[in-house]
Structure formats: structure tokens, C-alpha cells
Amino acid sequence: MSGPRSAADFWRGKSVLSDKERRDALAKLAQARKLIQEMRQVMDLPQIERCLSLADMNLHFAQWNLGEDVGLAPELEEE
Amino acid sequence: MKPFLNPKAAESSFWNQYYETLPREKLNALHLVRLKKVLRHAYDHSPFYRRKLDEAGVRPEDIRSLDDFKRKVPLTDKSEFLPFQDEHPHYGVTGALPEEYLAMHYETSGTTGSPLRVPFTLYDFERFGESWVYGFWGLGMRPQDSFYFAFQFGLFVGFWSASQGVRRLGAKLYHGGGQTTEGHIRLMQRLRPTVLVCTPTYALRLAETAQSMGVEPASIGLKYTYHAGEPGPFALPALKKKLDEAWGATSGELLGMAEVDSMAPGCPLREGVHLNETNVFSWIRDPETGQEVGDGQMGENIVTSYVNNAQPLINYRTHDLVERHYRCDCGRTWAYFRGVVLGRTDFMVTVRGTNVYQSAVEKVLGSIPGVSHHYQLVLSTVREMDEMAVKVEPEPDVPSAKYPELARLVEEGLRATLKVRLEPQIVPPGALPRYELKTRRIIDERPPERRRLLER
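Owing to the predicted nature of the structure, the values given are computational and were not obtained by experimental measurement.

What counts and how
Residues numbered from 1 in each chain as written. Chains lettered and ligands numbered in written order. Predicted model: local features only at pLDDT ≥ 70, side-chain atom pairs only at ≥ 80, totals over all residues. Heavy atoms only, no water. Phe/Tyr/Trp six-rings, centres within 6.5 Å; stacked < 30°, edge-to-face > 60°. Helix = DSSP H or I, 4+ residues; strand = E, 2+ residues; numbered from the N terminus. Buried < 20%, exposed > 50% of the residue type's maximum accessible area, 1.4 Å probe, protein only. Core = buried A, V, L, I, M, F, W, Y, C linked by side-chain atoms within 4.5 Å. Contact = heavy atoms within 4.5 Å. Expected span 1.5 Å × (residues − 1). Pairing = 2+ DSSP bridges. Axes fitted to C-alpha atoms, helices over the stretch in contact; angles between N-to-C directions. Buried area = accessible area lost by both parts, 1.4 Å probe. Salt bridge = Lys/Arg side-chain N within 4 Å of Asp/Glu carboxyl O. Polar contact = N/O pair within 3.5 Å; in protein donor to acceptor, adjacent residues only side chain to side chain. Disulfide = S-S within 2.5 Å. Domains from an automatic or database assignment. Parallel < 35°, antiparallel > 145°, perpendicular 65-115°, else oblique. Left-handed = near helix turned anticlockwise from the far one by under 90°. Nonpolar A, V, L, I, M, F, W, Y, C, P; charged D, E, K, R; others polar. pLDDT = per-residue confidence, 0-100.

Focus: the packing of aromatic side chains
Geometrically, a pair of aromatic rings is defined through the distance of the ring centres and the angle of the planes.
Residue and element names in this part refer to chain B.
Right, so step 1: Scanning all chains against the criterion turns up 27 aromatic pairs over all chains.
Right, so step 2: Each ring, one from Tyr106 and one from Phe125, has its centre 5.5 Å from the other, and the planes form 20°; the classification is stacked. In this pair, Tyr106 sits in strand β1 (residues 102-107) while Phe125 sits in helix α7 (residues 122-139), placing the two residues 19 residues apart along the sequence. Neither residue differs from the other here; Tyr106 and Phe125 are each classed as buried.
Right, so step 3: Centroid distance Phe125 to Phe128: 6.1 Å. Interplanar angle 35°. Geometry classified as tilted.

The following block contains the structure:
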């Protein structure tokens, strides 16, 4: 998705990530989180539940760093 | 075997080019959305903030613009947190999350009095550590690098977060731990790290010690040295030259604040730092008028953190005086602090990585029987390290035979409270100069190039 670019490109408002690429990435992240959340609700092995929780945390991190309007942290998001 | 990073990501000169170069209007729009969430969380979950905002007559829903946020939401200061934490340990009133979410506990050095207790969730600490990576990556460090940490770990968050940053980067980490300076050199000779992380003055001390051991520092093979905890190479050009020459490597710097975030990683152009705007919102306030200052002007850095959800920090006074710019030739749009921190709104100096406040020293001296209120703090440079002597006049009725004992009491009192060893010097009554107006307590004998801009 990226590569070295000159400073001048930035001032022209260009980004290596197009709007479409960003939207696609965010849609996939949301899908992945939904899948993980479904698994968490039925998982009765604490170890696996914790693995899923940490995966969800990192996916939230990716959403946040792509500028998505998400809660401050997974635990602070509305159900 | 799969590549560690996909080739396109590996080629990037930015850690997150999308966010690091986001146009200002988009950054500000995101900040407004996120600041409202911070306010709502703090108001709903922290009794401290609910009371503070209620007293100011502000509700989270009243904030509709960044100007609203800056003007209506009251400032907070460390001194407000301390009495609450003493009454309700650890964070009974100031905290905002239940205990099961807390993963880390750190403390500030306590040099202004009691240490501030700082809780983090695991996620917030991940993000705290991530701040370092923007600086590491921007300067050229990659997952193939190996980092040597030349310090001990304790309740101070700074280098824990750096360690977390190395983990996020995906590089190898050597914790040097509690070695002697010579021990660090021997370990580095054997392990051959490519990056050294420590305070800048300690990096110079290590280089000097290596030479005294007959080891040419450059022979260790470092490519980079990276620093925090004291004014570093991007604040002090002479120090940058010295560090680079001492190790034959490229030095870098991060501006952090223990209770907030490793908030401003170094700019790759090496003359300042960029605020990590994924973690922190900041505006610059004229300490005299309380009004926001414009681009390129100097004022106090006021921050609100998105990564202190366990104990929110909102419109928090850092007391750091910075000169903020919104454009930088490196291409980043994140707020740029040229020269890092140019001075302090309070009287504070940093000795061996520990912030020493004049008021804290005064408090210790005032508690020791036989010590008068005449004292002076003298800063100097000894073997590339900042040192501070505390010159003290005894009360006139203290016999000179008791001076050594008095010196011992002063040294012990300062060390117990400030967690740093300062050299006490007992001078005869009347030896220190008297001033008619403002008493000059701090005498800075360090070369100008070792001082922050406003302290020169």
C-alpha cells in the first residue's frame, strides 16, 4: 500500500492509501471484528477467549489508526 | 517462509503514512470526534472529572468545536490529582475503569512531592509504546535491528514504553539491566546491538567509559542511539554532534511525559519532534494570557490523551514551553515542536533523567533542623553528565563541627525524596549572596549548548 514519496506530494494532499483502499480495509476490519465478537460470546475456554480479545484489540487499533470512528477502546464501545 | 513484513510495507519511509500525513482539517475533525468520546468517558466514569466539569458548568454535549473544547473545558494539573490519590489510593476518584481492566501501574518520580500514580490498560500501554515506533521507523530503524537498553527498570514508565515500542516494531531487544557502565560496554561488545537506548548524558558517559577501557565506541557497530528523559540531540545541536561523533551513529530523541504518553517521537530531519496525533490532542497556551497562541509561536503544551482511559488526562498542563508548527519538510502534518522543549513554566531542571523542582528541594531543606532558608542549586557538567550541587547555609548557631553531619542529613533527605543523589555543600552562614528582589536560587554553570533555549 505504500512506498517512499517526496514531501511535495504530501503538500498536494496525496496519500499512498486511496479513499477506496481505505474504505475496503475498514470494511474488512469490521467484518473480522464481528466474526471475533461472535466467537467470543460462545467461547468457554478462557485461553481462547483471551486470544480473541487480544486479536480484537489489535483490529480496533488498526481501525483507530485508519481514522475510523470507533470507541476509545473495545471495552468502551457500545454493545 | 513468509516475509516478516510484506514488501510494500517494508519499503515505506513512514510507519503509518496515512495518518502521519493526514491534512490538518481531517486531523482536526477526527480530534473533535475523539475528544467528545474522552469527555463522555471521563464524565461518566471518573468522579474527579464529573465534579470538575459540573463545577465548570460544562457537559460533554456542550462541546461542538475544538474552540469549545479549549475554552470551556477546564485545565487540569498534576497537583490536583495528588491529594485525591493520597485520600483514595490508588486511583479511587481519578480512575475511570474497573480494576480488572488495569494491566500496568507506573509512577512519576515524585520530585514535586508525592509521586503521581498512573494506571494503564493493556491496550493503552500498547498505544503508549507505539509512539516510539514512529520515531524509530522515521529515522531508519527496522525489524532487523537489535536494541540495547542501558538502564534499570522500575516504576518509571519511560523505558518500559520504549521496550514496548521495540516489540511493536518487531525488532530484537537486549535488556542490559543493572550492569555497571563497564558491564554495559562489555555486553554491547559481545551482543553487537545496532541501536542504543538510554538518556543522552548516559550515552556520552558510556562512550567515555568505553574509551577508558580501550574500546573504540564506533567499533561496537551501533547505527543509531535513541534518547529520552532529558533534553536530547534534537533540543541541543551541540549534544547531537557530540553523540553522533562519540558513537559514529545517528542519534534520535523522543519527548515523553510519564503520566501522559511517549507523545512526541523525533522528526527524521532531527531538529524537533512531532506530536503523535493518534494518541494525543494538543494546543498551545500563552501562560500569561491563557489564550491559544498561533502557529510558530511559543507557549505551554496543553494535552488531552486518548490512551489514558484508566485515568483520563484532559486539557492537562505539561508546563513544557514549545514552539509549534503545522508544517515540516519531512512531510508529516502532525504538530511539530521545533527544538523540542524550549523551557518550563515552572522551575525545573533535569539531573540524570530525574526532574528536580526547586520547590521540592526547598521543602526537603526546610524539614531539616539546623538548615537555614539560604540555599543555592548549582548545575554543572562533570564527565558529560549533568550534576547539581546544593549549597546550604546552616543556622548561625550550628557549630562548624556539626557541618559534616548536617551534610549527611541533607544528602539523605534529598535522596529519599527526589530519588536522585545530589551533592550537598555546607557553606558558612552569610556566604551565599543576598538579593534585594528575586533571589537567584539556580546557578547554571553548564555550557550554554547543554541548556534548553530559554535557559541559556
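Thoughts on the nonpolar core
All names here are of chain B.
Right, so step 1: Ranked by internal contacts, the top residues of the largest apolar core, which has 97 residues, are Met141, Phe147, Leu196 and Trp247.
Right, so step 2: For this core, the element with the highest residue contribution is α7, accounting for 7 residues.
Right, so step 3: Apart from the residues within four sequence positions on either side, Leu196 is in contact with Tyr148, Ala150, Met188, Ala203, Leu206, Leu222, Tyr224, Thr225, Tyr226 and Trp247.
Right, so step 4: Ranked by size, the runner-up nonpolar core spans 26 residues in total, among them Tyr357, Ala360, Val361 and Leu406.

Some remarks on helix α2 (residues 19-42) of chain A
Note that an α-helix has 3.6 residues per turn; residues three or four places apart therefore point the same way.
Right, so step 1: A rise of 1.5 Å per residue sets the reference length of α2 of chain A, with its 24 residues, at 34 Å; its end C-alpha atoms lie 35 Å apart and thus fit the reference within 8%.
Right, so step 2: Three or more residues of α2 of chain A are buried, namely Arg22, Ala25, Leu26, Leu29, Arg33 and Ile36 of chain A.
Right, so step 3: Tucked inside the fold, the buried residues of α2 of chain A contact α3 (46-65) of chain A together with α2 (17-20) of chain B.

Quick word on the sheet that holds strand β3 (residues 146-149) of chain B
Residue and element names in this part refer to chain B.
Right, so step 1: Ordered in space as β4-β3-β5-β6-β7-β8, the 6 strands form an open sheet in which the pairing is mixed. Where the open sheet ends on each side, the last strands, each with one partner, are β4 (172-175) and β8 (261-265). For this sheet the average axis-to-axis angle between neighbouring strands, irrespective of direction, equals 25°.
Right, so step 2: Where β3 meets strand β5 (residues 195-197), 3 bridges bridge the pair, whose relative direction is parallel.

Overview of the interface of chain B and chain A
Right, so step 1: Tallying the contact residues gives 36 residues for chain B and 31 residues for chain A.
Right, so step 2: Between chain B and chain A, a total of about 2900 Å² is buried, with carbon and sulfur atoms accounting for 61% of that surface.
Right, so step 3: The largest share of the area that chain B buries against chain A comes from Gln17, Tyr18 and Tyr123 of chain B, three residues that together contribute 25% of it.
Right, so step 4: On inspection of chain B and its partner chain A, the count reaches 1 salt bridge.
Right, so step 5: With its nearest N and O atoms 2.9 Å apart, the salt bridge here joins Asp69 of chain A to Lys37 of chain B.
Right, so step 6: Inspection of the chain B/chain A interface yields 10 residue pairs in polar contact (both at pLDDT 80 or more).

A few points about the state of the cysteines
Residues and elements named next belong to chain B.
Right, so step 1: Within the structure shown, the criterion is met by 0 disulfides over all chains.
Right, so step 2: Counting only cysteine sulfurs, Cys328 is the nearest neighbor of Cys330, a cysteine outside any disulfide, at a range of 3.6 Å.
Right, so step 3: On the basis of relative accessible area, Cys330 is assigned to the buried category, the value being 12%.

Thoughts on the domain arrangement of chain B
Residues and elements named next belong to chain B.
Right, so step 1: Each assigned domain of chain B is listed with its residue range as follows: domain 1 (1-346) and domain 2 (351-450).
Right, so step 2: Just the C-alpha atoms count here: the centres of domain 1 and domain 2 sit 31 Å apart.
Right, so step 3: At the interface, 19 residues of domain 1 touch 17 residues of domain 2.
Right, so step 4: Carbon and sulfur atoms supply 52% of the area that domain 1 and domain 2 bury against each other, a total of about 1500 Å² over both sides.
Right, so step 5: For the pair domain 1 and domain 2, the interface holds 0 salt bridges.
Right, so step 6: There are 0 residue pairs in polar contact (both at pLDDT 80 or more) connecting domain 1 and domain 2.
Right, so step 7: Elements supplying a minimum of two residues to the side of domain 1 that touches domain 2: α10 (200-212) and α11 (237-247).

Quick look at the packing of α7 of chain B against helix α8 (residues 158-169) of chain B
Residue and element names in this part refer to chain B.
Right, so step 1: At a minimum axis distance of 7 Å, the contact between α7 and α8 shows a crossing angle of 70°. With respect to α8, the element α7 is oriented roughly perpendicular. Seen from above, α7 lies across α8 with right-handed handedness. Each of Phe125, Glu126, Phe128, Gly129, Glu130, Trp132, Val133, Phe136 and Trp137 in α7 lies in contact with α8, whose residues at this interface are Gly158, Phe159, Trp160, Ser161, Ala162, Gln164, Gly165, Val166, Arg167, Arg168 and Leu169.
Right, so step 2: Of the residues assigned to the contact of α7 with α8, the class counts are 11 nonpolar, 5 polar and 4 charged.

Brief notes about the environment of Lys37 of chain B
Right, so step 1: Tracing the chain through its elements places Lys37 of chain B in helix α3 (residues 24-45).
Right, so step 2: Each C-alpha atom of the pair Lys37 of chain B and Pro60 of chain B lies 8.4 Å from the other, and the pair is 23 residues apart in sequence.
Right, so step 3: Dropping the residues within four chain positions of it, Lys37 of chain B is found in contact with Asp69, Val70, Gly71 and Leu72 of chain A.

Description of unusual backbone geometry
Residues and elements named next belong to chain B.
Right, so step 1: Cis geometry is found at the peptide bond from Pro89 to His90, where omega equals -10°.
Right, so step 2: Unusually for a residue other than glycine, Arg270 sits at a positive phi of about 70°.
Right, so step 3: Within the secondary structure, Arg270 is located in the loop between β8 and β9 (272-274).
Right, so step 4: By relative accessible area, which is 16% here, Arg270 ends up buried.

Topic: the packing of α3 of chain A against α7 of chain B
Right, so step 1: Here α3 of chain A crosses α7 of chain B at 45°, and the two axes come no closer than 11 Å. Judged by the angle between their axes, α3 of chain A and α7 of chain B are oblique. As α3 of chain A runs across α7 of chain B, the sense of the crossing is right-handed. Across the interface between the two elements, Arg50, Leu54, Met57, His60, Phe61, Trp64 and Asn65 of chain A from α3 of chain A touch Leu122, Tyr123, Glu126, Arg127, Glu130 and Tyr134 of chain B from α7 of chain B.
Right, so step 2: Residues that form the contact of α3 of chain A with α7 of chain B fall into these classes: 7 nonpolar, 2 polar and 4 charged.

A few points about the side chain of Arg24 of chain B
Residue and element names in this part refer to chain B.
Right, so step 1: Relative to the helices and strands, Arg24 is located in helix α3.
Right, so step 2: Within polar-contact distance, the side chain of Arg24 engages the backbone oxygen of Thr333 at 3.0 Å.
Right, so step 3: Ignoring anything within four residues of it in the chain, the contact list for Arg24 reads His31, Glu277, Tyr326, Thr333, Trp334 and Ala335.

A look at the confidence of the model for chain A
Right, so step 1: Confidence in the prediction for chain A averages 86 pLDDT; 80% of positions are at 70 or higher.
Right, so step 2: α3 of chain A holds the highest mean pLDDT among the elements of chain A, 98, whereas helix α1 (residues 7-11) of chain A holds the lowest, 46.

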